[in-house]
Amino acid sequence: MTVSAKPPAPCTLVIFGAAGDLTKRLLVPALYNLRRAGLLPESFALIGMARNDKDDESFRRDLGAALHEFVTGEVVADDWQWLAERMHYIRGQFDDPAAYQGLARLLAETDEKYQTGGNALFYLATPAKAFAPIVRRLGEANLVHEAKGQWRRVIIEKPFGKDLRSAQALNRKIQSALSESQIYRIDHYLGKETVQNIMVFRFANGLFEPLWNRDHIDHVQITVAETLGVERRGKFYDATGALRDMVPNHLFQLLTLTAMEPPSRFGADALRSEKAKVLHAVRHFSRADAQANLVRGQYGAGTVKGQSIAPYRRAPNVAPDSTTETYVAVKLMIDNWRWAGVPFYLRTGKALAKQRTEIAIQFKQAPLALFRDTPVERLTPNDLTLHLQPEEGVTLRFSAKIPGPSVHIGGVEMKFNYKDYFKAAPSTGYETLIYDCMIGDATLFQRADNIEGGWRVVQPMLDAWAAEGATNLPIYPAGSTGPAEAEALLARDGRRWRPIDGEGGGKLP
Ligand code: BG6
């Protein structure tokens, strides 16, 4: 993240998995948007590598044909042309040393032709099992050696491991070929403007931070509700589930940005250290804690946005007796001075009633004494909600007197919508991440300890479910707000979730 953006130093971007969906839907459109914004270096080349049988021409043609689907507005021919003529393709198996000899030759050629200064960024847009072999081969082929002031960096996609041990093993393997400063672990939530804005909201305003603690906050709710089901991702998803897919990464980004202490400076290490401290302070679950504080569910048949949806178990490449969860809700406690006693309730699920990503901070109730002799039975809880998707904005809810001779109190809202104030630049969410990596700013990327810290919190949950087997897996109808057990999780504490499809939530009446 930079204050005033200018084009990065010359470089070549190498995409592994260049025939895949991520390249077509997000990476090439993001590069095109960067070019439009003047944020690619003039001396730039793109090399795509994959197993598919393609050449430069078909590589350019296929991506060019897909571009208009994934960028906003008309494709500007000059900008696409500029990018397309710098695009090259090399066919190769990710674990074949010969492919890396070919890649080294092509890199030297593009370096010479486009004057990219020997700088290279390798983007691993491949299935996770290829991450370690690619990094090993890059090391063996001497492609990640930073000679004479040149830089070599590697972006690694999600999922980073499937549990604590595999994440640690992957870190060890990639760190044996790369130094930590060369590794950029992606969490695409950090590429979202509104996620980045959580920090600005908290630390650039004097108003809220004094209230941002256990003295004033009753609890926090973090929701990532999706209407999409598993779609065509059955093979990946059935082996993964909602907990691994969303919690140690995306939900923990939202959690750590909400709960962290102000970093001493706005730099990668200061920020990532504060996030790591939050994860360290999250109380780990015993088996009994997991039973009490963790809920899972799987969607059954139902209707989402007027469309009927088949049960998860009938999705392509999903086992007909699958016990994989498509919904998870959890109550976490953060054992530090700021948050002791304040529950953080997190939930995420697929095939729910509405898409909604938000962080709701519920403040403590005002003392009721003042209104004891009036007809006021209940005050509206004060809450502050950061809306991230699909709407982007902030809402503050408070009580106001309903006009009239007697004191009746109603809940009102102050609402800020990004789109009313700012014109958003066309974005896939990957522009900032690619640009930041090119300028060597790792603020929005995960350090090894952030990744392992997330898995350390989640591991006891995975263990508890593995021990339980298929028990306690409620089926919720697609298009609902999730399993009733998730409501019970909050009701036990005298609270309720904010409705996914409406307003309200907070304390039970
Ligand atoms: C991905 C998960 O990382 O994030 C998906 O694998 C999920 O299952 C997606 O749908 C959510 O991202 P977004 O940007 O749509 O909120």
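Here we summarise the structure given alongside this text. Small disclaimer: the values here were computed from a predicted structure and weren't measured.

1. Regarding the site of the ligand
Next up, step 1: Taken together, Lys 158, His 188, Tyr 189, Lys 192, Glu 226, Arg 233, Asp 245, Met 246, His 250, Lys 350 and Gln 389 form the complete shell of residues around the ligand.
Next up, step 2: A distance of 2.8 Å separates an oxygen atom of the ligand from a polar side-chain atom of Lys 158.
Next up, step 3: Its free accessible area being 400 Å², the ligand has 78% of it covered by the protein chains.
Next up, step 4: When residues in the shell around the ligand are grouped by element, the largest group, three residues, is from helix H9 (residues 241-259).

2. Thoughts on the sheet that holds strand E2 (residues 44-50)
Next up, step 1: Sheet architecture is open: six strands sit in the order E3-E2-E1-E4-E5-E6, paired in parallel fashion. With partners counted over all chains shown, the strands left at the sheet margins are strand E3 (87-91) and strand E6 (183-185), one partner each. On average, each strand axis in the sheet is tilted by 20 degrees relative to the strand beside it, whichever way the strands run.

3. Focus on unusual backbone geometry
Next up, step 1: For the bond running from Lys 158 to Pro 159, omega is 0 degrees, close enough to zero to count as cis.
Next up, step 2: Within the secondary structure, Pro 159 is located in the loop between strand E5 (152-156) and helix H6 (164-177).
Next up, step 3: The omega angle of the peptide bond from Gln 389 to Pro 390 is -10 degrees, so this bond is cis rather than trans.
Next up, step 4: Structurally, Pro 390 can be placed in the loop between strand E13 (383-389) and strand E14 (393-402).
Next up, step 5: In this model, Lys 148 sits at a positive phi of 45 degrees, which is unusual for a non-glycine residue.
Next up, step 6: Residue placement: Lys 148 occurs in the loop between helix H5 (131-140) and E5.
Next up, step 7: Phi is positive for Asn 317, close to 65 degrees, though the residue is something other than glycine.
Next up, step 8: Relative to the assigned elements, Asn 317 resides in the loop between strand E9 (307-309) and strand E10 (327-333).
Next up, step 9: The class for Asn 317 is exposed, based on a relative accessible area of 57%.

4. Description of the pattern of salt bridges
Pairs can form between side chains of opposite charge whenever their charged atoms are close.
Next up, step 1: Per the counting criterion, the structure on display carries 31 salt bridges.
Next up, step 2: Asp 269 is the partner of Arg 447 in a salt bridge, and the nearest nitrogen-oxygen pair spans 2.8 Å. You can see Arg 447 sitting in the loop between helix H13 (431-439) and helix H14 (448-468) and its partner Asp 269 sitting in helix H10 (residues 268-281), a full 178 residues away along the chain.
Next up, step 3: Look at Asp 269 and you get partly exposed, because its relative accessible area is 44%.

5. Here we look at the packing of aromatic side chains
Next up, step 1: For the structure on display, the rule yields 16 aromatic pairs.
Next up, step 2: Here the aromatic rings of Phe 59 and Tyr 89 are separated by 5.2 Å at their centres, their planes lie at 50 degrees, and the arrangement is tilted. Remark: Tyr 89 occurs in strand E3 and Phe 59 occurs in helix H2 (residues 56-70); sequence separation between them is 30 residues. Taken as a pair, Phe 59 and Tyr 89 share a single burial class, namely buried.
Next up, step 3: Above the ring of Trp 82, the side-chain terminus of Arg 35 is found at 4.0 Å from the ring centroid.
Next up, step 4: In this structure, Arg 153 is placed above the aromatic ring of Trp 151, and the distance from its NZ or CZ to the ring centre is 3.9 Å.

6. Re the pairing of E3
Next up, step 1: Across the five residues of E3, four count as buried, placing the element largely inside the fold.
Next up, step 2: Of the pairings in the sheet, the one linking E2 to E3 comprises five bridges and is parallel in character. Residue pairing in the sheet places Gly 48 in a bridge with Tyr 89 of E3.

7. Things to note about the state of the cysteines
Disulfide: a covalent bond connecting the sulfur atoms of a pair of cysteines.
Next up, step 1: Tallied over the full model, the rule gives zero disulfides.
Next up, step 2: With no disulfide of its own, Cys 11 lies 8.7 Å from the sulfur of Cys 437, the closest cysteine sulfur.

8. Comments concerning the nonpolar core
Next up, step 1: Judged by nonpolar contacts, the single largest core of 150 residues is most densely connected at Phe 16, Tyr 100, Leu 103, Phe 122 and Tyr 123.
Next up, step 2: For this core, the leading source of residues is H9, giving 10 residues.
Next up, step 3: Once you skip the residues sitting within four places of it in the chain, Leu 103 turns out to touch Val 14, Phe 16, Ile 47, Met 49, Ile 90, Phe 122, Leu 138 and Leu 143.

9. Overview of the packing of helix H1 (residues 21-36) against helix H3 (residues 77-84)
Next up, step 1: Where H1 contacts H3, the axes come no closer than 10 Å and their chain directions differ by 115 degrees. Crossing handedness for the pair H1 and H3: right-handed. The residues of H3 that touch H1, namely those facing Val 28, Leu 31, Tyr 32, Arg 35 and Arg 36, are Asp 79, Trp 80, Trp 82 and Leu 83.
Next up, step 2: Counted by class, the contact of H1 with H3 contains six nonpolar, no polar and three charged residues.

10. Focus: the side chain of Arg 153
Next up, step 1: With respect to the element layout, Arg 153 can be found in strand E5.
Next up, step 2: Sequence-distant contacts of Arg 153, defined by excluding residues within four places in its chain, comprise Ala 120, Leu 121, Phe 122, Gln 182, Tyr 184, Cys 437, Met 438, Ile 439 and Gly 440.

Conventions and cut-offs
- Residues numbered from 1 in each chain as written.
- Predicted model: local features only at pLDDT ≥ 70, side-chain atom pairs only at ≥ 80, totals over all residues.
- Heavy atoms only, no water.
- Near = heavy atom within 4 Å.
- Polar contact = N/O pair within 3.5 Å; in protein donor to acceptor, adjacent residues only side chain to side chain.
- Areas by Shrake-Rupley, 256 points an atom, 1.4 Å probe, with all protein chains shown as cover.
- Helix = DSSP H or I, 4+ residues; strand = E, 2+ residues; numbered from the N terminus.
- Pairing = 2+ DSSP bridges.
- Axes fitted to C-alpha atoms, helices over the stretch in contact; angles between N-to-C directions.
- Buried < 20%, exposed > 50% of the residue type's maximum accessible area, 1.4 Å probe, protein only.
- Salt bridge = Lys/Arg side-chain N within 4 Å of Asp/Glu carboxyl O.
- Phe/Tyr/Trp six-rings, centres within 6.5 Å; stacked < 30°, edge-to-face > 60°.
- Lys NZ or Arg CZ within 6 Å of the ring centre and 35° of its normal.
- Disulfide = S-S within 2.5 Å.
- Core = buried A, V, L, I, M, F, W, Y, C linked by side-chain atoms within 4.5 Å.
- Contact = heavy atoms within 4.5 Å.
- Left-handed = near helix turned anticlockwise from the far one by under 90°.
- Nonpolar A, V, L, I, M, F, W, Y, C, P; charged D, E, K, R; others polar.

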